[in-house]
Structure formats: C-alpha cells, structure tokens
Amino acid sequence: MADKTKKANKKDSQLVIRINRKDRDRFIELCDEMDTSAAREIRRFIKGFLAEQEKPPK
C-alpha cells in the first residue's frame, strides 16, 4: 500500500519561471537560513494556494 502512495506523490513534472536574480538569490539565501529548500517552499506555496482556491464557495 505504501508503494501506491509513493507513486501517487511522485514528482514527475517541472515548472520553469523567470524572476529577478536578486529576488531569487535572496529567496535561496533565506531558505538556506531556515534549513529548507526553495523547491520545498514553492511546493508548499502551490499546495496551499490550490487548497485555498478549491474551497467550496460560502
């Protein structure tokens, strides 16, 4: 059963974005200071954004 969960969560796609180098460098620096990765924080943002947007309307 754990195998199925791993396959469902497999990261198999990329998202390429263009941002200002200064912003990127500062973001990477802050992530390093917080002992996390830029990719992890971007994924966390996307998951939170999707959850917020997919809430049923009130």
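Residues numbered from 1 in each chain as written. Predicted model: local features only at pLDDT ≥ 70, side-chain atom pairs only at ≥ 80, totals over all residues. Heavy atoms only, no water.

Q: Just checking my understanding: could you explain the pattern of salt bridges for this structure?
A: Scanning the model with the defined rule gives five salt bridges in all. A salt bridge links Glu33 to Arg26; its shortest N-O distance comes to 3.9 Å. Arg26 gets classed as partly exposed once you look at its relative accessible area, which sits at 39%. (Salt bridge = Lys/Arg side-chain N within 4 Å of Asp/Glu carboxyl O. Buried < 20%, exposed > 50% of the residue type's maximum accessible area, 1.4 Å probe, protein only.)

Q: Is there a simple way to think about helix α2 (residues 21-33) in this case?
A: Since one α-helical turn is 3.6 residues long, residues separated by three or four positions face the same way. Compared with an ideal rise of 1.5 Å per residue, which puts 13 residues at 18 Å, α2 spans 18 Å between its outermost C-alpha atoms and is within 8% of the ideal. Measuring from the side-chain oxygen of the N-cap residue of α2 to the backbone nitrogen of Lys22 gives 2.7 Å; that N-cap residue is Asn20. Asp35 lies just past α2 and shows a positive phi near 55°. (Helix = DSSP H or I, 4+ residues; strand = E, 2+ residues; numbered from the N terminus. Expected span 1.5 Å × (residues − 1). Polar contact = N/O pair within 3.5 Å; in protein donor to acceptor, adjacent residues only side chain to side chain.)

Q: What is the right way to read a positive patch on the surface from this model?
A: On the surface, a cluster of positive charge is made up of Lys11, Arg40, Arg43 and Lys47. Assignment of secondary structure puts Arg43 in helix α3 (residues 38-53). Owing to a relative accessible area of 34%, Arg43 belongs among the partly exposed residues under this scheme. (Patch = residues over 30% accessible without salt bridge, like charges linked within 9 Å, V, L, I, M, F, W, Y side chains within 5 Å. Areas by Shrake-Rupley, 256 points an atom, 1.4 Å probe, with all protein chains shown as cover. Lys, Arg positive; Asp, Glu negative; His and termini not counted. Charge placed at Lys NZ, Arg CZ, Asp CG, Glu CD.)

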